[in-house]
Structure formats: structure tokens, C-alpha cells
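# Report on the structure
The lines below spell out each chain.
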Amino acid sequence: MITPKRFTLVSVALAAVGFSSAAYVTWQVRDPGARSRAAWAFEAEGLGELVRHADAVVLARATETIPTRIAMSDLGDDALPYEATSFVVERSLYGPAVGETLWVERAGGLDPIELVEVVIDADGGAFEAGSTYLLFLKQQTPDGFYYQINDQSRYVVHGDRVLSFAGTEEDPVVEGLHGQRLANVLRIIESHVKTTSTR
């Protein structure tokens, strides 16, 4: 069960490192139970708004995940690990070029103090190496590090369709993409990229 101390640590740590779109994420020790929920700082009302908010929109294959850093509490008695997954861009709708490698950082991984796996699944959880994802990303650093905008911005490609980990209830973005054919989804996103005045 999550403690108020851990919840506060997660909230402060995410805000401190610039994850403004993923504040107040709940986390827990690995448990096969229900997925945790998050109150995202940014939630798009439509696909066009999500595209405008993104610094990169890519179809990319996950290759490996490595630990990156540890956010410590003020007293140093609690830690929140972070991990980054490398992706090879297979198709670029906006941002990095095809063949380029980018990294997506997320909270989660091995807690070095308690030696337990910290699971934060409100963003979809850990990426699976070898799987292809459709991602809407914000740039975190100039050297190719990004983070997922929110729970509307991650889809795994399964066969010829894209699937969201998030529920589709009353979410026009997810409802419009989840379960749709990949070719159709890419065409729709490309039309939004072309019509977005900031591109």
C-alpha cells in the first residue's frame, strides 16, 4: 500500500525534473493487480492538440532499457529510480529522422535502497524491447532524451493495429486511435502535422 511519504516524494521528484505533464503519478511495489491512475497536467481534447504539443511523433522500435538516475528525498532515506529506453525511429511523423536513436526516460526500476522493483504504470509501464510503439514525445534534453507527454501519447503496434494501454472512456484521442489500422492512424496524424501552423 502506498504511503503518504512515498506519494509526496514521487510528486515532488517528477515536478523537479521537468515532468510537468506527469505530475501526481502513483507508484507501488510490483503487483499484478489493477493499473494505477494518474492526473496528468496536460490532457489533449483532440489529436490535433496532442500533435501541436509534441516535439516528436514517431513510430519506433524499443531496443534496450537502462537505469539513468535516482531522485532522493530531502532526508536521503527514500529514492525514486529512473530508467531510459532506447528507440530506433522506423518512421518519423515529426522530429527525429528515420534510423535515428532516441531515448525515452520514465520513472521506475530498481529501488537501490529497498532493493525492490518500483512500478509506475500510469504511463503504460516499462517498454518491451523488440516492440514497436507510436509515441508522442516532449524533448527533455538537447541530446536525444524525451519523455512521454501523457497517457494519450503511447500506443503499441500489434499486427497491423495500434493499441493503447489507457482506457478509452470519454477520451477522444484514445478512442480515435485505439484498435485502428496503423496505416490509417499514420495518415490521420500526418494530416494533423501538415495542418499545424507551428510545424
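Okay, so let's go over this structure.

Scoring rules and cut-offs
Residues numbered from 1 in each chain as written. Predicted model: local features only at pLDDT ≥ 70, side-chain atom pairs only at ≥ 80, totals over all residues. Heavy atoms only, no water. Phe/Tyr/Trp six-rings, centres within 6.5 Å; stacked < 30°, edge-to-face > 60°. Helix = DSSP H or I, 4+ residues; strand = E, 2+ residues; numbered from the N terminus. Buried < 20%, exposed > 50% of the residue type's maximum accessible area, 1.4 Å probe, protein only. Lys NZ or Arg CZ within 6 Å of the ring centre and 35° of its normal. Pairing = 2+ DSSP bridges. Core = buried A, V, L, I, M, F, W, Y, C linked by side-chain atoms within 4.5 Å. Contact = heavy atoms within 4.5 Å. Patch = residues over 30% accessible without salt bridge, like charges linked within 9 Å, V, L, I, M, F, W, Y side chains within 5 Å. Areas by Shrake-Rupley, 256 points an atom, 1.4 Å probe, with all protein chains shown as cover. Salt bridge = Lys/Arg side-chain N within 4 Å of Asp/Glu carboxyl O.

So, on to the packing of aromatic side chains. This model, assessed by the stated rule, comprises five aromatic pairs. Aromatic side chains W103 and F145 sit 6.1 Å apart centroid to centroid with 10° between the ring planes, which places their arrangement in the stacked category. Taken together, the residues span a long stretch of sequence, with W103 in strand β4 (residues 101-107) and F145 in strand β8 (residues 145-148) at a distance of 42 residues. Judged by its relative accessible area of 18%, W103 is buried. Within the aromatic cluster, the residues linked to one another by ring pairs are F87, F127 and Y133. The ring of Y82 has R69 lying over it, and the distance from NZ or CZ to the ring centre is 4.2 Å.

Here the focus is the pairing of strand β7 (residues 132-141). Counting buried positions along β7 gives seven out of ten residues, so the element sits mostly inside the fold. Pairing geometry for strand β2 (residues 56-72) and β7, over six bridges, is antiparallel. Among the inter-strand pairings, R61 is bridged to a residue of β7, identified as T132. Relative to strand β9 (residues 154-158), β7 is paired through three bridges, and the arrangement is antiparallel. Directly across from Y133, in β9, lies its bridge partner V156.

Ranked by internal contacts, the top residues of the largest apolar core, which has 23 residues, are L134, F136, Y155 and I189. Broken down by element, this core gets its largest block of residues, five residues, from helix α4 (residues 182-195). Discounting residues that sit within four places of it in the chain, I189 has contacts with L47, V51, V57, L93, L134 and F136. Formed by 13 residues, the second largest nonpolar core is a distinct cluster that contains A56, A60, L137 and Y146.

A cluster of nonpolar side chains, namely I70, M72 and I113, defines an oily patch on the protein surface of about 250 Å² accessible area. Position of M72 among the secondary structure elements: in strand β2. When its relative accessible area of 41% is taken as the criterion, M72 is described as partly exposed.

For V119, the position within the fold is in strand β6 (residues 117-119). With twelve residues separating them in the primary sequence, V119 and A107 have C-alpha atoms 8.3 Å apart.

Right, let's talk about the pattern of salt bridges for a bit. Under the counting rule described, the total for this entry stands at seven salt bridges. The salt bridge involving D123 is made with R106; its shortest N-O contact spans 2.9 Å. Taken together, the residues span a long stretch of sequence, with D123 in the loop between β6 and β7 and R106 in strand β4 at a distance of 17 residues. Pair check on accessibility: D123 and R106 agree, each one buried. The partner of R181 in a salt bridge is D160, and the shortest N-O contact between them spans 2.2 Å.

This is a description of form; function is not addressed.
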